[in-house]
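# Understanding the architecture of this molecule
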Amino acid sequence: MAIALNLTAPLKQDEDTRNRLQHLAETFADEVQPALDAALARSEIVHFARVLVIDGKYLQVLTEFDGDPQAYTEFFRKELGPIFRIIFSLVDGAPPWDELDDPNNFYEYTSGLNLKSLGTSTSGDEDRGYLFSSIGDMTVREIKSQAARQPAATG
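Summary of the structure given here. Residues take numbers from 1 onward in each chain, read along the sequence in its written order. The predicted nature of this model means local features are confined to residues of pLDDT at least 70 and side-chain atom pairs, given and counted, to a pLDDT of 80 or more, with totals for whole chains, interfaces and linings taken over all residues. With hydrogens and water stripped out, all remaining heavy atoms of the structure feed into the side-chain values.

### Digging into a nonpolar patch on the surface
Within the patch definition used here, like charges are joined within 9 Å and nonpolar side chains (Val, Leu, Ile, Met, Phe, Trp, Tyr) within 5 Å, considering only residues with over 30% relative accessible area and no salt bridge. All accessible-area figures derive from a Shrake-Rupley calculation using a 1.4 Å probe, and residue coverage is judged against the displayed protein chains alone. Think of a salt bridge as a Lys or Arg side-chain nitrogen and an Asp or Glu carboxyl oxygen that are within 4 Å of each other. On the surface, a cluster of nonpolar side chains totalling about 230 Å² of accessible area is made up of Leu52, Ile54 and Tyr58. Strands are runs of DSSP state E lasting at least 2 residues, helices are runs of H or I lasting at least 4, and numbering of each runs from the N terminus. Its place among the elements puts Tyr58 in strand S3 (residues 58-65). Burial classes: relative accessible area under 20% of the type maximum marks a residue as buried, over 50% as exposed, and values in between as partly exposed (1.4 Å probe, protein chains only). For Tyr58, a relative accessible area of 39% corresponds to the partly exposed category.

Encoded structure:
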């Protein structure tokens, strides 16, 4: 069963942060998104991913992924450290990157920003809340393997 990440971080509200957030938004598609796409594809564990800014007050990273949450966060800390350094520099109360750039510190800090979904977990992880999956317990690797075995559609 996929696991949801609902990382929700409060943004600093000073003028410098607002300007850097605007720059991030303006350059995201060309500068950040390609690195995200590449890391997400290499991971072979992420079903869906998106990044949102809510009213200039919160930044959200929302994903559905397979496997161990600590291994997941460590993969992305190593693969996307420079991007997370920028993102967390915008977050109110975030420790300096030198402190976060450690497997346990990164996991603990990001876990604290992960909001529990409403409702009851269908997978037994009550710290996560409700997440529906129409594909049951299939992992990304299983889905890709099954898709590779399907005959090509002809039209």
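### Topic: the packing of aromatic side chains
Paired rings are identified among Phe, Tyr and Trp, the last through its six-membered ring, by centres lying within 6.5 Å, and are further divided according to the angle between planes into stacked (under 30 degrees), edge-to-face (over 60) and tilted (the rest). Taken as a whole, this structure holds eight aromatic pairs when the rule is applied. Arranged with centres 6.0 Å apart and planes meeting at 80°, the rings of Phe88 and Phe106 form a pair that is edge-to-face. On the criterion of sequence distance, the pair formed by Phe88 in helix H3 (residues 81-89) and Phe106 in helix H5 (residues 103-113) is long-range, its members being 18 residues apart. The exposure classification of Phe88 matches that of Phe106, with both residues buried. These aromatic residues form a ring-pair network of at least three members: Phe84, Phe88, Trp97, Phe106 and Tyr109.

### A few points about unusual backbone geometry
Negative phi is the rule for most residues except glycine; trans is the rule for most peptide bonds. Despite not being glycine, Glu44 has its phi angle at roughly 55°, a positive value. Its place among the elements puts Glu44 in the loop between helix H1 (15-43) and strand S2 (46-54). In this structure Glu44 comes out as partly exposed when scored by relative accessible area, which is 31%. In this structure, Asp55 is a non-glycine residue whose phi angle is positive, near 50°. Summarising the element assignment, Asp55 is placed in the loop between S2 and S3.

### Regarding the pattern of salt bridges
In the structure shown here, the tally under the stated rule is seven salt bridges. The salt bridge involving Arg20 is made with Asp16; its shortest N-O contact spans 3.1 Å. Here Arg20 and its partner Asp16 are both found in helix H1, four residues apart, which amounts to about one turn of the helix. Residue classification places Arg20 among the partly exposed residues on the basis of a relative accessible area of 29%. Salt-bridge contacts for Lys144 lead to Glu44; the nearest nitrogen and oxygen are separated by 3.3 Å. Residue Lys144 is found in helix H6 (residues 140-149), and its partner Glu44 is found in the loop between H1 and S2; the two are separated by 100 residues along the sequence. Residues participating in the shared-partner salt-bridge network are Glu44, Arg141 and Lys144.

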